[in-house]
Amino acid sequence: MDVLGYGTFDATSRLGPIVFNQPEAREGEVEIEITHCGVCHSDLHQARNDWGNTVWPCIPGHEIVGIVRKTGPGVTAYKEGDRVGVGCMINSCQSCGPCEAHDEQYCEGPVSATLTYNGTKIPSGVNTYGGYTETIVVREEFVLRIPDAIDSAAAAPILCAGITVYAPMKEFGLKPGHTVAVAGVGGLGHMAVQIAKALGATVVAFSRSEKKRAEILEMGADKVVDPTDEDAMEAEAGSVDLMINTIPVPFDIAPYLSLMRHDGRLQIVGNMIELEAFSPGPMVFNRITIGGSLIGGIKDTQEVLDLCAEHGIAPAIQMIGIDDVNDALDSLEQGGIGHFRHVIDMRSLRDSRESMSQNASRAEEPVRFQPEAG
Ligand SMILES: [Zn+2]
Ligand SMILES: [Zn+2]
């Protein structure tokens, strides 16, 4: 069937309407009418080809919430009308070590996990298109259930930002009594503060922004420390069990290392950054590890959705229409949106399809495209 999406054919153009053919739900697959899609920094990187691997056209979006419209044969977990979500992956081998451990994002199968966009569909070899579309078809194992207590718009960012900070907490075994440091309180960090608090940890947030301080305390942080204040940093030395570091630009890790307690772990999540040279002395003397973590598995994603529902945790969001998505990406690029996440009300895309058919001269004409195996 023909579906309308919003994407780009090169790294410099603005996103615009694209019509492409999407196969209907087959065995084990679920067709979802998308109602909401979050705008993630990765969407910007992929659309701008910042990682040099973009397959064109690129239709981003991996914080997807919608309603099940059809199910293929053999689907048992979902039925028409269910409110569901799709995060960063839509497939994996399901049988390698990481997949068996519910860490599908690290799939070591014949090919890696299939990303929701800019991934390669198995077995067709066709590129994947993300949530800036009317519908998406996903195998049921990669579909999440949205708890009743969470609003669809608020659920969207949990599917990427929420799970990205929850997974390293889970892996660490975070529990009451632990102290978590959150460095960088943006889209990821503001979720980390709330989730760590819900897990019973003491939360210390590190932010230079004086005007954000009250907001961060309101999110549940026990303390906010300015990382450029040497005395304040000294006072926190050796106190942190787990640091979730979301700082998206190159930074000096040395002051953060000195905060870590014996056996502490400093986890780097989010955008890929380069660390400045640092002395490993504090790591050696306190058996501190510096680690990385990529999104999270499907089981953990369901867990964090349920946890957010149980504790009333919600990301700070700003709703936009599909026509605003280029401006939203521009503002992400300029780094000016703080911890807010833009969420696209996808009804606006369906409305734009209607205005196209009613008044073709006014609306932007969609580019028709036939996906083929690469
Ligand atoms: Zn993302
Ligand atoms: Zn696998």
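Structure's up top.
Just so it is clear, the structure is predicted and the values come from calculations on it, not from any experiment.

Peer 1: Is there a simple way to explain unusual backbone geometry in this structure?
Peer 2: Leaving glycine aside, a negative phi is the common case for residues, and trans is the common case for peptide bonds. Of the consecutive residues Trp 56 and Pro 57, the connecting peptide bond is found in the cis state with omega at -5°. Position of Pro 57 relative to the elements: it lies in the loop between α1 (41-47) and β4 (64-71). Of the consecutive residues Ile 122 and Pro 123, the connecting peptide bond is found in the cis state with omega at 5°. Notably, Asn 49 is not glycine yet its phi reads approximately 55°, a positive angle. A positive phi angle is found at Asp 263, which is not glycine, with a value near 65°.

Peer 1: Sorry, what's going on with the pairing of strand β2 (residues 16-21) here?
Peer 2: Moving residue by residue along a regular strand, the side chains alternate between the two faces of the sheet. Counting buried residues in β2 gives 5 out of 6 residues, a clear majority hidden from the surface. Both strand β1 (residues 2-7) and β2 contribute to a ladder of 6 bridges, which runs antiparallel. When the bridges of β2 are listed, Gly 7 appears paired with Gly 16. The pairing of β2 with strand β18 (residues 367-369) spans 3 bridges and is classified as parallel. Within β18, the position partnered with Val 19 by the bridge is Arg 368.

Peer 1: Quick question: what am I supposed to make of the pattern of salt bridges here?
Peer 2: Two side chains of opposite charge can pair, provided their charged atoms sit close to one another. Tallied over the entire structure, the rule returns 24 salt bridges. For Glu 29, the salt bridge identified is with Arg 26, shortest N-O distance 3.5 Å. Given the relative accessible area of 14%, Glu 29 is considered buried. The exposure class of Arg 26 is partly exposed, given its relative accessible area of 47%. When the shortest N-O distance is used, the salt bridge between Arg 265 and Glu 171 registers 2.6 Å. Here Arg 265 is found in strand β14 (residues 260-268), whereas its partner Glu 171 is found in helix α3 (residues 152-172), with 94 residues between them in sequence. By relative accessible area, which is 55% here, Glu 171 ends up exposed.

Peer 1: I keep staring at the nonpolar core and nothing clicks. Help me out?
Peer 2: Side chains of a nonpolar character, in soluble globular proteins, are inclined to be buried together. Tyr 132, Val 165, Met 169 and Ile 195 are the most contacted members of the largest nonpolar core, which totals 93 residues. Per element, the largest residue contribution to this core is 14 residues, and it comes from α3. Residue contributions to this core reach at least three from each of two domains, namely domain 1 (2-151 + 314-369) and domain 2 (165-292).

Peer 1: What's the story with the sheet that holds β2 in this structure? I'm lost.
Peer 2: The pairing of strands in a sheet comes from backbone hydrogen bonds and takes either a parallel or an antiparallel form. Taken in spatial order, the 3 strands make up an open sheet running β1-β2-β18, and their pairing is mixed. Here the strands that pair on one side only, and so sit at the sheet edges, are β1 and β18. The mean angle between the axes of side-by-side strands here comes to 30°, regardless of whether they run parallel or antiparallel.

Peer 1: Just to check I follow, could you spell out the coordination of the zinc ion (ligand 1) for this structure?
Peer 2: Four donors placed tetrahedrally around a metal ideally meet at 109.5 degrees, and six donors placed octahedrally ideally meet at 90 or 180 degrees. Those protein atoms acting as donors to the zinc ion (ligand 1) are Cys 40 (SG), His 62 (NE2) and Cys 160 (SG), and they sit at 2.0 to 2.2 Å. Each donor residue of the zinc ion (ligand 1) belongs to the same chain, with the gaps between them written as C-x21-H-x97-C. With Cys 40 in the loop between β3 (29-38) and α1 and Cys 160 in helix α3, this pair connects stretches of sequence that are 120 residues apart. Assigned by exposure class, Cys 40 and Cys 160 land together as buried.

Scoring rules and cut-offs
Residues numbered from 1 in each chain as written. Chains lettered and ligands numbered in written order. Predicted model: local features only at pLDDT ≥ 70, side-chain atom pairs only at ≥ 80, totals over all residues. Heavy atoms only, no water. Helix = DSSP H or I, 4+ residues; strand = E, 2+ residues; numbered from the N terminus. Buried < 20%, exposed > 50% of the residue type's maximum accessible area, 1.4 Å probe, protein only. Pairing = 2+ DSSP bridges. Salt bridge = Lys/Arg side-chain N within 4 Å of Asp/Glu carboxyl O. Core = buried A, V, L, I, M, F, W, Y, C linked by side-chain atoms within 4.5 Å. Domains from an automatic or database assignment. Axes fitted to C-alpha atoms, helices over the stretch in contact; angles between N-to-C directions. Donors = N, O, S within 2.8 Å, 3.2 Å for Na, K, Ca; no water.

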